[in-house]
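# Observations on the model geometry
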Amino acid sequence: DMLTVVSTTQQTKPKDPRQKYQFSFDRVFAPSASQETIYKEVSEFVQSALDGYNVTIFSYGQTGSGKTHTMQGTGVGVMRGLIPRSIEQIGAHQVQLENDGWTFSVEMSFLEIYNESLRDLLRDNRKEEHNNGKEECKHEIHMSSDGRRSVTNLTVMSINPNDCASIDAIL
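Presented here is an overview of the structure given in this document.

Each value, and the rule that gives it
- Residues numbered from 1 in each chain as written.
- Predicted model: local features only at pLDDT ≥ 70, side-chain atom pairs only at ≥ 80, totals over all residues.
- Heavy atoms only, no water.
- Helix = DSSP H or I, 4+ residues; strand = E, 2+ residues; numbered from the N terminus.
- Buried < 20%, exposed > 50% of the residue type's maximum accessible area, 1.4 Å probe, protein only.
- Contact = heavy atoms within 4.5 Å.
- Areas by Shrake-Rupley, 256 points an atom, 1.4 Å probe, with all protein chains shown as cover.
- Pairing = 2+ DSSP bridges.
- Salt bridge = Lys/Arg side-chain N within 4 Å of Asp/Glu carboxyl O.
- Patch = residues over 30% accessible without salt bridge, like charges linked within 9 Å, V, L, I, M, F, W, Y side chains within 5 Å.

## Remarks on the overall build of the chain
When helices and strands are counted, the chain shows 4 helices and 8 strands. Beginning at the N terminus, the succession of helices and strands in the chain can be written as β-β-α-α-α-β-β-β-β-β-β-α. Buried residues in the chain amount to 21% of all 171 residues. Taking as baseline every contact in the chain between residues at least 6 positions apart, the subset at least 24 positions apart corresponds to 37%. Of the accessible surface of the chain, which amounts to about 13100 Å², a share of 49% is contributed by carbon and sulfur atoms.

So this is what it looks like as structure tokens:
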């Protein structure tokens, strides 16, 4: 699918103030697309993570475009979003492996990038206590010598993906 954007902003030396930019996407969903349709498209990424690959599912768009709804959804059943459906898939995989004698643990974190700032969505108190609650906890992206990236001060929670009540409480 192709999206064409027409720029209406003036640049310092515009050759053509209505210059067109083209962006290509692997997949674009219509506003009427169901949560199930979207999840079917990304569920293979969850399986890849279970197979040991590093995976990120990234939701991008303007305010009010449905990113949170797509990721979290609402309630149970058909309106569940990508996150609860992914956790459900991970839980089914955990049960399967534990039946084969494996020990399995799951940890999660949720990060939001908003206006070029990193926000930890699992932190209960976003203000650091040691600064009398006046300063927000800072997060930075670091890269190790082996090329792995991590985010500083990010909350990581151990979860049981088969405990629906505790997962709902987190989300």
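Now that the structure has been shown, the text picks up again.
## What about unusual backbone geometry?
One non-glycine residue, Asn-115, adopts positive backbone phi at about 50°. As for its position among the elements, Asn-115 is in the loop between strand S4 (111-114) and strand S5 (117-120). Residue classification places Asn-115 among the exposed residues on the basis of a relative accessible area of 63%. At Asn-153, a residue that is not glycine, the phi angle is positive and equals roughly 60°. When you line up the elements, Asn-153 lands in the loop between strand S7 (149-151) and strand S8 (157-159).

## A closer look at the pairing of S4
In the sheet, S4 pairs with S5 via 4 bridges, with the strands oriented antiparallel. Across the sheet, Ile-113 pairs through a bridge with Leu-118, a residue of S5.

## A word on the pattern of salt bridges
Under the criterion given, the structure shown has 5 salt bridges. Close ionic contact of Arg-85 with Glu-36 constitutes a salt bridge, the shortest N to O distance being 2.5 Å. Within this pair, whereas Arg-85 is found in helix H3 (residues 82-99), its partner Glu-36 is found in helix H1 (residues 35-50), the two being separated by 49 residues in sequence. Where Asp-120 meets Arg-123, a salt bridge forms, and the shortest distance between an N and an O atom there is 3.6 Å.

## Side note on the environment of Ser-59
Topologically, Ser-59 is positioned in the loop between H1 and helix H2 (67-72). C-alpha separation for the pair Ser-59 and Met-71, spaced 12 residues apart in sequence, amounts to 7.6 Å.

## Digging into a nonpolar patch on the surface
Among the surface-exposed residues, Tyr-21, Phe-23, Phe-25 and Val-28 lie close enough to one another that they form a single nonpolar patch of about 340 Å² accessible area. For Phe-23, the position within the fold is in strand S2 (residues 20-24). Residue Phe-23 is classed as partly exposed on the basis of its relative accessible area of 41%.

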